[in-house]
Amino acid sequence: MKNRRHDLIKKIIEEDVIETQEALAEALRARHVRVTQATISRDIKELFLIKVPAGGGRYRYAVSPPEHVQLSETRMKRLFKDNVVHCDFSENIVLVKTVPGGANTVASALDATDWKEMLGTVAGDDTIFVLVKPKEAVEIVAERIHELLR
């Protein structure tokens, strides 16, 4: 449901000028998707939506270009402190446990880093697997994650 809603949100903001969270919620409801303001707010964060000029002094939501997705260290630390509850590793996989519903956002932030040892992430609802290469670098990646939690 969440992935479907995210895809729909992207489609809506590409096709229509959506200036507020309430306008986005109304557009979703018009398409028979039940949402709350809290859900919309969380979706905007998870999708890294930004506001861009729409003309006439107005602003609209847009999908941020991939190069702007990388978060500052301060934002990464806040994201991790708010969402990550545990981190461990085995062989060449780092396991990151999050609060329920937090894995996609954290995995997306990890994917946007320039950590060369990290090949990619797989996220569920509250669990992320981070694939590391070479295997010897797994402790380095796990330590970077622990550092974001401090």
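Residues numbered from 1 in each chain as written. Predicted model: local features only at pLDDT ≥ 70, side-chain atom pairs only at ≥ 80, totals over all residues. Heavy atoms only, no water.

In the annotation of an unreviewed UniProt entry, the protein chain is listed under the name Arginine repressor and assigned to Selenomonas artemidis F0399. On record in UniProt, under Pathway (unreviewed entry), the comment for the protein chain is "Amino-acid biosynthesis; L-arginine biosynthesis [regulation]." (UniProt positions renumbered as here; feature names shortened; annotations may be inferred.)

**Q** Let's hear about the domain arrangement of the protein chain: which residues, and what values?
**A** Here the protein chain is described as being made up of domain 1 (1–63) and domain 2 (73–149). The distance between the C-alpha centroids of domain 1 and domain 2 comes to 27 Å. (Domains from an automatic or database assignment.)

**Q** Quick rundown of the packing of helix H1 (residues 2–15) against helix H3 (residues 37–46)? Include the residues and the values.
**A** Where H1 contacts H3, the two axes come as close as 11 Å, and the packing angle between them is 75°. Relative to H3, H1 is oriented roughly perpendicular. Touching Lys2, Arg5, His6 and Ile9 of H1 are Thr39, Asp43 and Glu46, all from H3. Of the residues belonging to the contact of H1 with H3, the class tally is one nonpolar, two polar and four charged. (Axes fitted to C-alpha atoms, helices over the stretch in contact; angles between N-to-C directions. Helix = DSSP H or I, 4+ residues; strand = E, 2+ residues; numbered from the N terminus. Parallel < 35°, antiparallel > 145°, perpendicular 65-115°, else oblique. Contact = heavy atoms within 4.5 Å. Nonpolar A, V, L, I, M, F, W, Y, C, P; charged D, E, K, R; others polar.)

**Q** Let's hear about the pairing of strand S2 (residues 58–63): which residues, and what values?
**A** Bridging between strand S1 (residues 49–55) and S2 involves six bridges; their strand directions are antiparallel. Residue pairing for S2: Leu49 is matched across the bridge by Val63. Between the end of S1 and the start of S2, which pair antiparallel, lie two residues, with Gly56 showing a positive phi angle near 65°. (Pairing = 2+ DSSP bridges.)

**Q** Give a detailed account of the nonpolar core, specifying residues and quantitative values.
**A** Among the nonpolar cores identified, the biggest contains 25 residues, and Phe80, Val94, Val96, Leu110, Val130 and Ile145 are the most heavily contacted of them. When contributions to this core are tallied by element, the ones reaching two or more residues are helix H4 (73–83), strand S3 (84–90), strand S4 (93–98), helix H5 (103–111), strand S6 (127–132) and helix H6 (138–149). When near neighbours in sequence (up to four residues on either side) are disregarded, Phe80 contacts Val106, Leu110, Ile145, Leu148 and Leu149. Counting 16 residues, the second largest nonpolar core, distinct from the first, contains Ile13, Ile18, Ile44 and Leu49. (Core = buried A, V, L, I, M, F, W, Y, C linked by side-chain atoms within 4.5 Å. Buried < 20%, exposed > 50% of the residue type's maximum accessible area, 1.4 Å probe, protein only.)

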